[in-house]
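Chain by chain, the residues run as shown.
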Amino acid sequence: YAQALSENSFLVKETYFPNQEAWLSVSNTQEKTFYHALAPDTVSANAQVSSDQAYLYYDEAPLSPLDTRLQSKVVRLNLSTGEPLALGDGFMPMLSPNGQQLALLKANQLVIASPEGHNPREILDSSVLDGSSVHTYQWQPNSEKLWVLTAPNKTSELIIEDKPAVNTRYGNVSLIAPETLTALKLYEIDAQTGVRTEHKLDWAKLKSDLG
């Protein structure tokens with residue numbers, strides 16, 4: 001059941017403990033926070049409230065020691081009734097600013113669909129990214145294009161003491177080694193045509209700014 005809770009309410013945010021519920025929290029631009037209890041043994045890394053505050057979009061994946069992003073499901077929750085609507089496989093759902101399009105990642109493809117998940121169409125297949133996948137993305141304010149940052153697939157591992165940490169449930173955690181930083185690329189993608197334009201990043205300036 002979806003509800004707004006006071007700031008003193010008990011919340012296990014993005015954390016799972018045995019015999020306790022896992023909760024998803026998300027804030028909208030009007031500084032209202034919504035909380036939703038996740039299904040047992042699942043975790044969510046991405047959530048967004050629609051601008052009309054009618055729906056909560058989120059992804060939900062099995063609690064697993066392995067990268068679970070490709071097992072994620074996208075859900076739209078009615079914030080008035082608490083009724084969930086399964087929108088199928090995918091993760092990182094993000095509504096366009098005008099609320100008319102839903103972007104999500106599905107099998108490492110960037111897909112655009114209706115807010116109800118209908119008529120999905122692929123606008124970016126990671127197979128054309130030469131060993132990279134979408135690392136993160138963001139709608140532009142006009143809802144016509146998206147900024148997409150890609151990274152080599154190997155950088156999606158969490159590395160501790162030079163070894164991959166496979167016993168973490170945070171499938172979207174990434175540690176980008178400095179020597180591979182320049183392999184990240186920024187694209188501008190048209191949401192209708194899928195035409196992408198690469199924007200060269202000034203890595204020398206960035207490294208200088210970072211000291």
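These figures come from a predicted structure and were not determined experimentally. (Residues numbered from 1 in each chain as written. Predicted model: local features only at pLDDT ≥ 70, side-chain atom pairs only at ≥ 80, totals over all residues. Heavy atoms only, no water.)

*Asks:* Mind laying out the nonpolar core, listing which residues take part and the relevant values?
*Replies:* Core analysis: the largest hydrophobic core is formed by 18 residues, its most contacted members being Leu 105, Leu 110, Leu 124, Tyr 137, Trp 139, Leu 146 and Val 148. Listed by contribution, the elements that provide at least two residues to this core are β8 (91–95), β9 (102–106), β10 (109–113), β11 (121–125), β12 (132–139), β13 (145–152) and β16 (185–190). In contact with Leu 146, other than residues within four places in its own chain, are Ala 103, Ile 112, Ile 123, Tyr 137, Gln 138, Trp 139, Gln 140, Tyr 187, Glu 188, Ile 189 and Ala 191. The next biggest cluster of nonpolar side chains, apart from the first, holds 8 residues, and it includes Phe 34, Leu 56, Leu 77 and Leu 79. (Core = buried A, V, L, I, M, F, W, Y, C linked by side-chain atoms within 4.5 Å. Buried < 20%, exposed > 50% of the residue type's maximum accessible area, 1.4 Å probe, protein only. Helix = DSSP H or I, 4+ residues; strand = E, 2+ residues; numbered from the N terminus. Contact = heavy atoms within 4.5 Å.)

*Asks:* Can you explain the packing of aromatic side chains? Please cite residues and give values.
*Replies:* The relation between two aromatic rings is expressed through the spacing of the ring centres and the mutual angle of the planes. Per the counting criterion, the structure on display carries 0 aromatic pairs. The ring of Tyr 55 has Arg 76 lying over it, and the distance from NZ or CZ to the ring centre is 3.8 Å. In this arrangement the basic side chain of Arg 196 is found over the ring face of Tyr 187, its NZ or CZ atom lying 5.9 Å from the centre. (Phe/Tyr/Trp six-rings, centres within 6.5 Å; stacked < 30°, edge-to-face > 60°. Lys NZ or Arg CZ within 6 Å of the ring centre and 35° of its normal.)

*Asks:* Please provide a residue-by-residue account of the sheet that holds β11, values included.
*Replies:* For sheets, the rule is that strands pair by backbone hydrogen bonds, running either parallel or antiparallel. With antiparallel pairing, the 4 strands of this open sheet are ordered in space as β8-β9-β10-β11. Whereas interior strands pair on both sides, the edge strands pair on one side only; in this sheet they are β8 and β11. Between one strand axis and the next, the sheet turns through 25° on average, direction left out of account. Pairing of β8 with β9 involves 3 bridges; the strand directions are antiparallel. (Pairing = 2+ DSSP bridges. Axes fitted to C-alpha atoms, helices over the stretch in contact; angles between N-to-C directions.)

*Asks:* Could you give me a rundown of unusual backbone geometry, with the residues and numbers involved?
*Replies:* One non-glycine residue, Asn 119, lies in the positive phi region at around 50°. Counting through the fold element by element, Asn 119 comes out in the loop between β10 and β11. A positive phi angle is found at Ser 143, which is not glycine, with a value near 65°. Position of Ser 143 relative to the elements: it lies in the loop between β12 and β13. The exposure class assigned to Ser 143 is buried, which follows from its relative accessible area of 4%.

*Asks:* For the side chain of Thr 150, give the residues involved together with the corresponding values.
*Replies:* Here Thr 150 is to be found in strand β13. Classification of Thr 150 as buried rests on a relative accessible area of 1%. With sequence-adjacent residues up to four places away left out, Thr 150 is seen in contact with Leu 129, Ser 132, Ser 133, Val 134, His 135, Ala 183, Leu 184, Lys 185 and Tyr 187.

Everything listed is a geometric property; what it means functionally is a separate question.
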